[in-house]
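Spelled out from the first residue to the last, the chains are:
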Amino acid sequence: SQQGEEDPQALSIQEGENATMNCSYKTSINNLQWYRQNSGRGLVHLILIRSNEREKHSGRLRVTLDTSKKSSSLLITASRAADTASYFCASNAGGTSYGKLTFGQGTILTVHP
Amino acid sequence: GAVVSQHPSWVICKSGTSVKIECRSLDFQATTMFWYRQFPKQSLMLMATSNEGSKATYEQGVEKDKFLINHASLTLSTLTVTSAHPEDSSFYICSAPAPYSNQPQHFGDGTRLSIL
């Protein structure tokens, strides 16, 4: 399959709780990116983490990367109802595949007010 | 503001119609653009790589005669879905690589195609 794995496929939490999503990919990467997609809309870029980085923060978002396990996680702290969306990881192999992204299957996050 | 403009955002048409989707890079040149397809409740799948001045590269299982790609200039790539049928109904989205390595890609807002 072209795509990586992502779990959970769906996550339902209460406002204020933390949400953790995991992603695995198949090939060596140059970087890994996380995107959010609201229903029926385009992609919103969240964070890019390089292959030589292990952790990155942006506001309430924390991304980790373990290249030995070919996995990444996205943590959203103190979630809000507005965080309800689908979240995708996307790996970028770089090199001759520069710019080409392989997306994970995605996690549907629902945050209840 | 948007650095990649995709048009139209929404198309409804009859079976058998051909539909053209445009993807423009604004304020930068893109020798390569990518076209993805997303079926409902699924992830994005790469369909093809559009190369300025040369033939597009299609992913396995994507019919090149069905999905015509033209990258005639450094700022415009088009995807034409020929003789569209209901099974072609999907969300199509284009992207252009960032000018520098380790920057996020620039995505269009997507086109929702509904074939009746």
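What you see is a predicted model; the values in this text were computed from it and never measured.

This part takes up the pairing of strand β11 (residues 107-112) of chain A. Within a regular beta strand, the side chains point alternately toward one face of the sheet and then the other, so they alternate between its two faces. All names here are of chain A. The alternating pattern of β11 places Thr-107, Leu-109 and Val-111 on a buried face and Ile-108, Thr-110 and His-112 on a face that is not buried. Bridging between strand β2 (residues 10-14) and β11 involves 5 bridges; their strand directions are parallel. When the bridges of β11 are listed, Gln-14 appears paired with His-112. As defined by bridge partners, strand β9 (residues 85-94) adjoins β11 across 3 bridges and the pair is classed as antiparallel. By the bridge assignment for β11, Ala-85 is matched with Leu-109.

Quick look at the sheet that holds strand β6 (residues 55-58) of chain A now. All names here are of chain A. Pairing within the open sheet is antiparallel, and its 5 strands lie in the order β1-β3-β8-β7-β6. Pairing within the sheet leaves two strands with one partner each, and these edge strands are β1 (5-7) and β6. Ignoring strand direction, the axes of neighbouring strands in this sheet form an average angle of 15 degrees. Inspection of the sheet shows strand β7 (residues 61-66) paired to strand β8 (residues 71-76) by 6 bridges, in the antiparallel sense. Paired with Arg-62 across the bridge in β8 is Leu-75.

Turning our eyes to something else, we now look at the interface of chain A and chain B. By convention, interface size is frequently given as the accessible area that disappears when the constituent parts associate. The interface of chain A with chain B comprises 23 residues on the first partner and 24 residues on the second. Between chain A and chain B, roughly 1,900 Å² of surface is buried when both sides are summed, and carbon and sulfur atoms account for 53% of that area. Here Glu-59 of chain B ties to Lys-100 of chain A by a salt bridge, and the two come within 3.8 Å at their closest N and O atoms. Taken together, chain A and chain B are joined by 5 residue pairs in polar contact (both at pLDDT 80 or more). Among the elements of the structure, β4 (31-37), β5 (43-50), β9 and β10 (97-103) of chain A are those that each provide at least two residues to the side of chain A that touches chain B. Counting residues per element, the side of chain A that touches chain B draws most heavily on β10 of chain A, at 5 residues. Residue classes in the side of chain A that touches chain B are distributed as 7 nonpolar, 13 polar and 3 charged.

In this section: the sheet that holds strand β8 (residues 76-81) of chain B. Residues and elements named next belong to chain B. Strand order in the open sheet formed by 4 strands is β1-β3-β8-β7, with antiparallel pairing between adjacent strands. Unpaired on one side and paired on the other, β1 (4-7) and β7 (67-73) mark the two borders of the sheet. When the angles between neighbouring strand axes are averaged without regard to direction, this sheet yields 15 degrees. Note: strand β3 (residues 19-25) against β8, 6 bridges, orientation antiparallel. If you follow Glu-22 over to β8, its bridge partner there is Thr-78.

Let us look at the confidence of the model for chain A. Predicted confidence across chain A gives a mean pLDDT of 93, with 97% of residues reaching 70 or more. Per-element confidence in chain A ranges from a low mean pLDDT of 82 for β1 of chain A to a high of 98 for β7 of chain A.

By secondary structure assignment, the location of Leu-101 of chain A is in strand β10. On the basis of relative accessible area, Leu-101 of chain A is assigned to the buried category, the value being 1%. Leu-101 of chain A has contacts with Gln-33, Tyr-35, Ala-90, Ser-91 and Asn-92 of chain A together with Tyr-36, Gln-105 and Phe-107 of chain B, leaving out every residue within four places of it along the chain.

Rules of the game
Along each chain, numbering runs from 1 in the same order as the chain's sequence is written. As they are written, the chains are lettered A onward and the ligands numbered 1 onward, keeping that order. For a predicted model such as this one, the threshold for reporting local features is a pLDDT of at least 70, and the threshold for listing and counting side-chain atom pairs is 80 or more; totals across whole chains, interfaces and linings nevertheless cover every residue. Values shown for side chains rest on all heavy atoms present in the structure; no hydrogens or waters enter the calculation. Under the scheme applied here, a residue whose accessible area is under 20% of the maximum for its type counts as buried, over 50% as exposed, and between as partly exposed, the area being computed with a 1.4 Å probe on protein chains only. Elements are defined by DSSP. Helices are runs of H or I of four residues or more, strands are runs of E of two residues or more, and each kind is numbered from the N terminus. At least two bridges found by DSSP between two strands are what make those strands a pair. Fitted lines through C-alpha atoms give the axes, limited to the stretch in contact for helices. The angle between two N-to-C directions lies from 0 to 180 degrees. Two residues qualify as a contact provided that any one of their heavy atoms is within 4.5 Å of a heavy atom in the partner residue. Two parts lose some accessible area (1.4 Å probe) when they are put together, and adding that loss for both gives the buried area. We define a salt bridge as a contact between a side-chain nitrogen of Lys or Arg and a carboxyl oxygen of Asp or Glu at a distance within 4 Å. The term polar contact refers here to a pair of N or O atoms within 3.5 Å; inside protein, the definition further demands a hydrogen-donor-capable atom paired with an acceptor-capable atom, and it admits residues adjacent in sequence only when both atoms are side-chain atoms. Three classes are used, and their members are as follows: Ala, Val, Leu, Ile, Met, Phe, Trp, Tyr, Cys and Pro are nonpolar, Asp, Glu, Lys and Arg are charged, and the others, Gly among them, are polar. Scored between 0 and 100, pLDDT is the confidence that the predictor attaches to each residue.

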